[in-house]
Amino acid sequence: MASPAPPLKDAVGVLDRDPFVALLSKLIGESQRLQNDPPALVPQEDLVAQHVVDALRPVSTDTGGGPLVVRKVSYTDGRSNVIVEYPGTVPDRVVSFVGMHMDVVPANPSEWDFDPFSLTFEGDDKEKLRGRGTTDCLGHVALVTQLMRRLGEVKPPLKHSVIAVFIANEENSSVTGIGVDGLVKDGLLDKLKTGPLFWIDTADKQPCIGTGGMIPWHLKATGKLFHSGLAHKAINSMELNMDALKEIQTRFYNDFPAHEKEKLYKFATPSTMKPTKWSYPGGGLNQIPGECTISGDIRLTPFYSTSFVVQKLKEYVDDINAGLETKLPTRGPVSKYVLPDENLRGRLEISFDGDVMNGVACNLESRGFQALCKATEEIVGYVEPYSITGSLPLIRELQDEGFDVQTAGYGLLKTYHAKNEYCLFSDMAQGFQVFVSIISQLEADA
């Protein structure tokens, strides 16, 4: 009689430093060609995808050496996604790890204390792994690759299929249809809807249960350019824009106050609207500007609709335009936004960039969330779910498509998109154990 299989955590073991670091070194070595800021910087994710495929080839069905089914999917030259499946024995039982993206944000080597495009270490213990992408998100690419490779080596008998999806094009939304959005559109991820989907692209080893939506906006004010010594004959576009923005912000905070669910989800801040950039065509100090634009963003907790907010902002601007004489204060005895004798009125226009993103509130009742919390407490020693009004692209769309999305990550939030990015090997090692614990819990349910 065959002896029972050992527990999964005993069979799989812990994250092996040497192959993890070796793979991560290859990935960071490609990071200069993974920067995503088109049109100047177009990443070539296929460079990373090929390293992932090569690492898994010995335990893939391509060589007959193992059970992993590995598939590259490309929608444009040089920009691949990779889907890896460890097949389980029971149909419709799936656990997936998704969102490990193979592009990075740009890095300027002159601003870093070390080379961002090669993996380096700090200290003799090599605990701190440094380079662009170590936290976001090449470290997670290497981590989940090692998880899948280890499953392929050990071949544990699992009822659940374990699926990993490495994606292209997460860091920029000006190009669409070539990353996870393309995979969803083509139905290539449909089977993931039957189990929890863990989006591995956050940080600090705790469940991230909520993210914010993001609405980039531009408020343009048009007045009348004139000599600053004859202010009574001008409409000062800067004053108009500042006063209008204050009125718009006041209305925004009245209509979209702190939501009762924000406390449950532990959001650090409610929804916010604030200016971040100012521009105007230029001119002398003795010229009252005839036009200027204030730009900024709204960060919206997921309990409000981004489309409704956009609608309301347009209504605010229309209302202010219709009542410039009464809706806005003026500044000083000759400041005005309407010149009746000249039949001139100031004018406001608000526009929005195309990359509006919706926030997400994870399902706190789902089995995936429960498993993630239990695994985190078991491995990390405590569990403190958190939410931020920072934005993660794509995951709300997955949730709306019927996926049970939970999010986690094992880099460091303080180095996210920052200069001198790094992660800690010990954090990644804990992430590996969390993944194994999640799979083990779901297997026990089955």
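Quantities reported herein were computed from a predicted structural model and do not represent experimental measurements.

### Details of the overall build of the protein chain
A tally of helices and strands in the protein chain yields twelve helices and 20 strands. With respect to the three principal axes, the spread of C-alpha positions in the protein chain is 100 × 45 × 40 Å. Within the protein chain, the proportion of its 446 residues that are buried is 54%. Taking as baseline every contact in the protein chain between residues at least 6 positions apart, the subset at least 24 positions apart corresponds to 80%. On the protein chain, roughly 19200 Å² of surface is accessible, and the fraction owed to carbon and sulfur atoms is 51%. Within the protein chain, the 58 negative side-chain charges are centred at a point lying 2 Å from the centre of the 44 positive side-chain charges.

### Digging into unusual backbone geometry
The amide bond that connects P38 to the next residue, P39, takes the cis arrangement and shows omega of 5 degrees. Inspection of the secondary structure assignment puts P39 in the loop between α2 (17-29) and α3 (46-56). With an omega dihedral of 5 degrees, the bond running from D136 to C137 counts as a cis peptide bond. Here C137 lies in the loop between β5 (128-130) and α4 (138-154). Located in the positive-phi region is N169, a residue other than glycine, with phi close to 60 degrees. By secondary structure assignment, the location of N169 is in the loop between β6 (161-167) and α5 (180-185).

### Thoughts on the nonpolar core
Looking at soluble globular proteins, one finds that nonpolar side chains tend to be buried together. Grouped together as the largest cluster of nonpolar side chains are 61 residues, with contacts concentrated most on F20, F97, M148 and F166. Take this core: its biggest share by element is ten residues, from helix α12 (residues 425-445). When neighbours within four sequence positions are excluded, M148 is seen to be in contact with L56, L68, V84, E85, Y86, V162 and A164. Residues I235, L245, V310 and L328 belong to the second largest nonpolar core, which totals 29 residues.

### Comments concerning the environment of F435
Within the element layout of this structure, F435 appears in helix α12. With 64 residues separating them in the primary sequence, F435 and A371 have C-alpha atoms 9.7 Å apart.

### Digging into the layout of surface pockets
In this model, the largest pocket occupies a volume close to 840 Å³. As for the largest pocket, its lining consists of 35 residues, and the residues nearest its centre are E170, E171, M357, S391 and P393. For the lining of the largest pocket, the residue count by class is 14 nonpolar, 13 polar and eight charged. The space that makes up the second largest pocket amounts to roughly 400 Å³. If you trace the second largest pocket, you find 18 residues lining it, with P7, L8, K9, V436 and S440 closest to the centre. Broken down by secondary-structure element, the contributors of at least two residues to the lining of the second largest pocket are α1 (8-12), α10 (367-380) and α12. Here the lining of the second largest pocket gets five residues from one element, more than from any other, and that element is α12. A class-by-class count of the residues in the lining of the second largest pocket yields ten nonpolar, four polar and four charged.

### Details of the domain arrangement of the protein chain
As far as domains go, the protein chain holds domain 1 (8-211 + 359-445) and domain 2 (213-352). When each unit is reduced to the centre of its C-alpha atoms, the spacing between domain 1 and domain 2 is 41 Å. On the domain 2 side, the residues contacting the 16 residues of domain 1 number 13 residues. Between domain 1 and domain 2 the total buried area reaches about 1100 Å² when both faces are included, carbon and sulfur atoms providing 56% of it.

### Brief notes about the pairing of strand β9 (residues 213-222)
Along β9, eight of the ten residues are buried, which leaves the element largely enclosed by surrounding structure. As judged from the ten bridges shared by β9 and strand β13 (residues 291-300), these two strands associate in the antiparallel manner. What sits directly across from W217, in β13, is G296. Pairing between β9 and strand β16 (residues 347-352): six bridges, direction antiparallel. Counterpart to K220 in the pairing with β16 is E349.

### Some remarks on the pattern of salt bridges
Taken as a whole and assessed by the stated rule, the structure comprises 24 salt bridges. Taking the shortest distance from any N to any O, the salt bridge between E153 and R150 comes out at 3.1 Å. Separated by three residues within a single helix, E153 and R150 lie in helix α4, roughly one turn from each other. Taking the relative accessible area as the measure of exposure, E153 reaches 36% and is therefore partly exposed. The class of R150 is partly exposed, set by a relative accessible area of 29%. Between K224 and E342 there is a salt bridge; the shortest N-O distance is 2.8 Å. In this pair, K224 is assigned in the loop between β9 and β10 (226-227) and E342 in the loop between β14 (338-339) and β15 (344-345), connecting sequence segments 118 residues apart. Looking at K224, the relative accessible area reads 17%, which means it is buried. Among the residues examined, E342 registers a relative accessible area of 35% and is labelled partly exposed. Among the ionic contacts, a cluster of salt bridges with common partners joins E247, R251, D319 and K327.

### Focus: the UniProt feature "domain: Peptidase M20 dimerisation" (unreviewed entry) in the protein chain
As annotated by UniProt and renumbered to match this structure, "domain: Peptidase M20 dimerisation" (unreviewed entry) occupies residues 209-321. The span residues 209-321 carries 35% helix and 31% strand; its end-to-end C-alpha distance comes to 40 Å.

Rules and cut-offs
Residues numbered from 1 in each chain as written. Predicted model: local features only at pLDDT ≥ 70, side-chain atom pairs only at ≥ 80, totals over all residues. Heavy atoms only, no water. Helix = DSSP H or I, 4+ residues; strand = E, 2+ residues; numbered from the N terminus. Buried < 20%, exposed > 50% of the residue type's maximum accessible area, 1.4 Å probe, protein only. Contact = heavy atoms within 4.5 Å. Areas by Shrake-Rupley, 256 points an atom, 1.4 Å probe, with all protein chains shown as cover. Lys, Arg positive; Asp, Glu negative; His and termini not counted. Charge placed at Lys NZ, Arg CZ, Asp CG, Glu CD. Core = buried A, V, L, I, M, F, W, Y, C linked by side-chain atoms within 4.5 Å. 1 Å grid on protein atoms, 1.4 Å probe; cavity = no way out; pocket = protein on both sides within 12 Å on 5 of 7 lines; lining within 4 Å. Points joined across faces, edges and corners; volume = space filled by probe spheres on them. Nonpolar A, V, L, I, M, F, W, Y, C, P; charged D, E, K, R; others polar. Domains from an automatic or database assignment. Buried area = accessible area lost by both parts, 1.4 Å probe. Pairing = 2+ DSSP bridges. Salt bridge = Lys/Arg side-chain N within 4 Å of Asp/Glu carboxyl O. UniProt positions renumbered as here; feature names shortened; annotations may be inferred.

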